[in-house]
Amino acid sequence: WAAMQVKLTKEKKASDLKDKEAIGMGIMETFQFVVHVFQTPPTVTFKSAEIENFSEITAAGDSVRTLMIRVKNNGEAILDCASYVELTNTQSGDEQRQKPFAFTLLPGAIREVKFFIPKTLGKGKYSVLGVVDYGSKENVQAAEMEMTVE
């Protein structure tokens, strides 16, 4: 994998270089962008991911509750992951699934994915399931916790 940087620059003209004692000032507008290049060789097939932590990270004074899933790539291949949170009210059985978040995870890398719980979530006790699908045909990673909305 690699990152390629493309940057636009302005060509210096000969007239800008004539007087070596001159001092000037100006604003040069430039822009750049980075292109990520990923490639996993066909012989690399070992995919493994692990949820290291699934917790609520809401700080005092926050207006929205925040959940965080910390995922580590323990395999040899680049992982294309999709993560989501599913909330189930333990009294009513009502379920609500957050929109999946897609991301790429390089071998050995760790990523923290945050999910914001909507204010419209009804009061009650919830079973919260955090899921990471990392492209394995056999496995997904999941973690569960309980949460009370008052």
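Quantities reported herein were computed from a predicted structural model and do not represent experimental measurements. (Residues numbered from 1 in each chain as written. Predicted model: local features only at pLDDT ≥ 70, side-chain atom pairs only at ≥ 80, totals over all residues. Heavy atoms only, no water.)

## Some thoughts on the sheet that holds strand S8 (residues 110-117)
Stated precisely, the cut-off is as follows: A strand pair is defined by DSSP finding two or more bridges across the two strands. Numbering goes from the N terminus for both helices and strands, where a helix is a DSSP run of H or I of at least four residues and a strand is a run of E of at least two. Lines fitted to C-alpha atoms define the axes here, with helix axes fitted over just the stretch in contact, and angles between the N-to-C directions of these axes take values from 0 to 180 degrees.
A sheet is described by the order of its strands in space; here 3 strands give the open sequence S3-S4-S8, paired in antiparallel fashion. This sheet does not close on itself; its edge strands, each paired only once, are strand S3 (49-56) and S8. Taking the axes of each pair of neighbouring strands and ignoring which way they run, one obtains an average angle of 20 degrees across the sheet. Of the strand pairs in this sheet, S3 and strand S4 (residues 65-73) are connected by 7 bridges, and their pairing is antiparallel. Looking at the pairing, phenylalanine 54 lines up with isoleucine 69 of S4.

## A word on the pattern of salt bridges
This is how the line gets drawn: Each reported salt bridge corresponds to a side-chain nitrogen of Lys or Arg within 4 Å of a carboxyl oxygen of Asp or Glu. Accessible area is worked out with a 1.4 Å probe on protein chains only. A residue is then buried under 20% of its type maximum, exposed over 50%, and partly exposed in between.
On inspection of all chains with the given rule, the structure shows 4 salt bridges. Linking glutamate 112 and arginine 70 is a salt bridge whose minimum nitrogen-to-oxygen distance equals 3.0 Å. Of this pair, glutamate 112 sits in strand S8 while arginine 70 sits in strand S4, and the two are 42 residues apart along the sequence. Judged by relative accessible area, arginine 70 falls into the partly exposed class, the value being 26%. A single network of salt bridges, built from pairs that share partners, joins Glu52, Arg70 and Glu112.

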